[in-house]
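A structural walkthrough
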Amino acid sequence: MTETDENTAQDGLPKIKIRGGNPLNGDIRISGAKNSALKLICASLLTEQEVKLFNVPTRLRDIETLEKLLTHMGSEIVVNHDAKTMSLKGLGDKSKTTAHYDLVRQMRASILVLGPTLARHGHAKVSLPGGCAIGSRPVDLHLKGLEQMGADIQIEDGYVLATAPAGGLKGADIHFPKVSVGATEHLLMTATLANGITTLSNAAMEPEIGDLANMLNNMGADIRGIGTQKLVIHGVDKLNGTDHSVIPDRIETGTFMIAAALTGGEVTLKNTRPDTIDAVTALLKKAGAEVMIDGTDITVKRKENLQSLRGIDIMTEPYPGFPTDMQAQIMTMLTLCDGAGMVTETIFENRYMHVPELVRMGANIVVQGNSAIVRGVNKLKGAQVMATDLRASVALVIAGLCAEGETTINRIYHLERGYEDIAGKLSAVGADIRREK
Ligand code: EPZ
């Protein structure tokens, strides 16, 4: 055991243990999308009426963190874990417009409470999120867009202090120099209550943005161009409450598709949105998986005559390209492929933290700049590994499912930010996996 192994083995935190080698077989129900639910929850701050969300992944840590933050900011929230619903009422207490560092630092998406609070109350104070394991991830595009809408933005003691002009925020023509999911969502929400028309061009087109825009329109907003790179928002005086069901999580879907194809079983994923993961489906088919779509079900298995999947090259890109949130998982797949594959990460500058951990399990990966060459090996071997961020963690889970012997994944709090009951879901389809305290 190395010194690091000993430290993590004795840290007393929950771990996941996996004994690899079992093919996965059966059905898995996909949860609502974390990255959509987070924004829909923030959007509830735009109205004093009730927003009731269905299909919410209520047990995710990121959702719980945001719930705490909104409660601190005066929202009344009722969660039903069994029904997967969340009811939110942003009561509009003008004295509760601060989002403190302690909660914001736990989750970067918390910055998205800034614009809605500013638009509704005229001022907001939100901590800057700070550093991140996968890249520097600045929020300059968010702040610049708010300034273009007339907000005065000051940075003091690590907080953003934002104030709207006397008559309220005003519509603006905002062109993003770089595609940003968060900045698009942030300014989209804010613009719904601004005076006049806002255009967002070179906007991100991720399905979660469409989900948010559809809910906002049901609340009385006027957003046009949904699903395109140009969103046009006609500001309205106020928004109403609504009922809304969160779209299925496309990244959880893709993650289990890879796990099914790689372990050599046959898994049907239920409650999915197949049209949101075309890029992943296409690459899996190229690598030798069979992907069968039937309504909202996706069934995945390896082609019958194939011993292993084939090496393929991938490059991460904004939607509809191959998602950066699937890069680590596909890398695990390539470690066991026939031949080699190249992975190029174009969204985040430091998203290869899973590589040294996969190498500890016997993978052959060489990173050069923002690309990684992965040469397939015959087998991975179980080891003590450490989760470093959400998707890196799940890549290690997939590796553990295929590895010879036992894999222990430490620091699984990363995993639990974004995957609901992953050990339960995988053991129900035949994996030998357990969460240990
Ligand atoms: C969202 O992050 C997701 N998070 C990420 O998922 C996902 O990886 C990412 O989009 C890309 O798809 C949530 O939805 C909560 P960006 P976001 O703004 O919005 C740079 C996961 O594992 N940038 O599209 O923060 C930025 O540094 C997470 O679930 C600026 O330079 O991503 C990055 O290089 C991780 N200035 C690029 O743009 C800004 O003001 C894209 O980031 C904003 C972003």
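Residues numbered from 1 in each chain as written. Predicted model: local features only at pLDDT ≥ 70, side-chain atom pairs only at ≥ 80, totals over all residues. Heavy atoms only, no water.

1. Overview of the overall build of the protein
Cut-off, in case you're wondering: Helix and strand labels come from DSSP, where a helix needs a run of H or I of at least four residues and a strand needs a run of E of at least two; each type is numbered from the N terminus. The classification of residues rests on relative accessible area computed with a 1.4 Å probe and restricted to protein chains. Under 20% of the type maximum is buried, over 50% is exposed, and intermediate values are partly exposed. Throughout, the Shrake-Rupley method with a 1.4 Å probe supplies accessible areas, and for residues the shown protein chains are the sole cover considered. Neither His nor the chain ends is counted toward charge; the positive residues are Lys and Arg and the negative residues Asp and Glu. To locate a charge, take atom NZ for lysine, CZ for arginine, CG for aspartate or CD for glutamate.
For the protein, the helix and strand inventory stands at 15 helices and 24 strands. Sorting the 437 residues of the protein into buried and exposed places 56% on the buried side. Summing over all exposed atoms, the protein offers an accessible surface of approximately 17200 Å²; the carbon and sulfur share of this is 47%. Taken as two groups, the 46 positive and 51 negative side-chain charges of the protein have centres that lie 1 Å from each other.

2. A look at the domain arrangement of the protein
Worth spelling out the cut-off: Domain segmentation is taken from an automatic or database assignment of domains. Here, residues are in contact when the closest pair of their heavy atoms is within 4.5 Å. Accessible area, probed at 1.4 Å, shrinks when two parts are joined; the buried area is that loss added up over both.
With domains assigned, the protein is organised as domain 1 (3-30 + 248-436) and domain 2 (34-243). One C-alpha centre belongs to domain 1, the other to domain 2; they are set 31 Å apart. The partner domain 2 presents 23 residues to the 25 residues of domain 1 that form the contact. The largest share of the area that domain 1 buries against domain 2 comes from Tyr319, Arg417 and Glu420, three residues that together contribute 35% of it.

3. Re the pattern of salt bridges
Defined as follows: Note on definitions: salt bridges are taken to be side-chain nitrogens of Lys or Arg within 4 Å of carboxyl oxygens of Asp or Glu.
Under the counting rule described, the total for this entry stands at 19 salt bridges. Across the pair Asp62 and Arg417 runs a salt bridge, and its minimum N-O distance is 2.8 Å. Placement of the pair is Asp62 in helix α3 (residues 61-72) and Arg417 in helix α14 (residues 415-418), with a sequence separation of 355 residues. Asp62 sits in the buried class, given a relative accessible area of 2%. Residue Arg417 is classed as partly exposed on the basis of its relative accessible area of 23%.

4. A few points about the nonpolar core
For clarity, the cut-off: Working definition of a nonpolar core: buried Ala, Val, Leu, Ile, Met, Phe, Trp, Tyr and Cys residues. They are joined through side-chain atoms within 4.5 Å.
Counting 71 residues, the largest nonpolar core has Leu66, Val113, Leu188, Leu200 and Leu216 as the members making the most contacts within it. Ranked by residue count, the leading element in this core is helix α2 (residues 34-43), at 6 residues. Residues within four places of Leu66 in sequence aside, it is in contact with Leu38, Ile41, Cys42, Met107 and Val113. The next biggest cluster of nonpolar side chains, apart from the first, holds 67 residues, and it includes Ile16, Ala289, Val343 and Ala423.

5. Some words on the site of the ligand
Put simply, the test is: Throughout, the term near means that a residue has one or more heavy atoms lying within 4 Å of the molecule or strand in question. N or O atoms closer than or at 3.5 Å make up a polar contact, with two conditions inside protein: a donor-capable atom paired with an acceptor-capable one, and, for residues adjacent in sequence, both atoms drawn from side chains.
Contacts to the ligand come from 23 residues, most closely from Asp140, Ser180, Asp325, Ile347 and Arg391. Asn35 has a polar side-chain atom sitting 3.1 Å from an oxygen atom of the ligand. Contacts to the ligand include Ser180, whose side-chain N or O atom sits 2.6 Å from an oxygen atom. Burial of the ligand by the protein chains amounts to 87% of its free accessible area of 830 Å².

6. Some thoughts on the sheet that holds strand β20 (residues 364-368)
For clarity, the threshold we go by: In this analysis, strands are considered paired if DSSP registers two or more bridges between them. To define axes, lines are fitted to C-alpha atoms, for helices over the stretch in contact only, and angles between the resulting N-to-C directions are given on a 0 to 180 degree scale.
Taken together, the 4 strands give an open sheet; going across it, the order is β18-β19-β21-β20, and neighbouring strands pair in mixed fashion. Only two strands of the sheet have a single partner each, and these edge strands are β18 (314-315) and β20. Relative to strand β19 (residues 340-344), β18 is paired through 2 bridges, and the arrangement is parallel. Note on β19: the bridge partner recorded for Met315 is Thr344. Packing of helix α11 (residues 327-335) onto the sheet brings it into contact with β18, β19, β20 and β21 (371-375), and relative to β21 it is tilted by some 30 degrees.

7. Thoughts on the pairing of strand β4 (residues 75-80)
As judged from the 6 bridges shared by β4 and strand β5 (residues 85-90), these two strands associate in the antiparallel manner. Looking across to β5, one finds that Val79 is bridged to Met86. Counting the residues between successive antiparallel strands, the hairpin from β4 to β5 contains 4 residues, one of them, Lys84, with a positive phi of roughly 60 degrees.

8. As for unusual backbone geometry
For the bond running from Tyr319 to Pro320, omega is 10 degrees, close enough to zero to count as cis. With respect to the helices and strands, the residue Pro320 is situated in the loop between β18 and α11. Of note in this structure, Asn55 is not a glycine but carries a positive phi near 55 degrees. Tracing the backbone shows Asn55 in the loop between β3 (51-54) and α3. If you check the backbone angles, Arg411 has positive phi at about 60 degrees while not being a glycine.

9. Observations concerning the packing of α2 against helix α8 (residues 207-218)
This is how it is decided: For classification, angles of less than 35 degrees are called roughly parallel, those exceeding 145 degrees roughly antiparallel, those between 65 and 115 degrees roughly perpendicular, and all remaining angles oblique. We call a crossing left-handed when the near helix sits turned anticlockwise from the far one by less than a right angle, and right-handed when that turn is clockwise.
Running from N to C, α2 and α8 point in directions that differ by 30 degrees, and their axes come no closer than 9 Å. Relative to α8, the element α2 lies roughly parallel. In this structure, α2 crosses over α8, and the sense of that crossing is right-handed. Here Asn35, Ser36, Lys39, Leu40 and Ala43 of α2 lie close against α8, whose contacting residues are Glu208, Asp211, Leu212, Met215 and Leu216.

10. Re the environment of Ala287
In this structure, Ala287 sits in helix α10 (residues 278-287). Sequence spacing of Ala287 and Arg302 is 15 residues, and the spatial spacing of their C-alpha atoms is 9.1 Å. Here Ala287 is in contact with Leu306, Leu309, Arg310, Ile312 and Met333, once residues within four sequence places are set aside.

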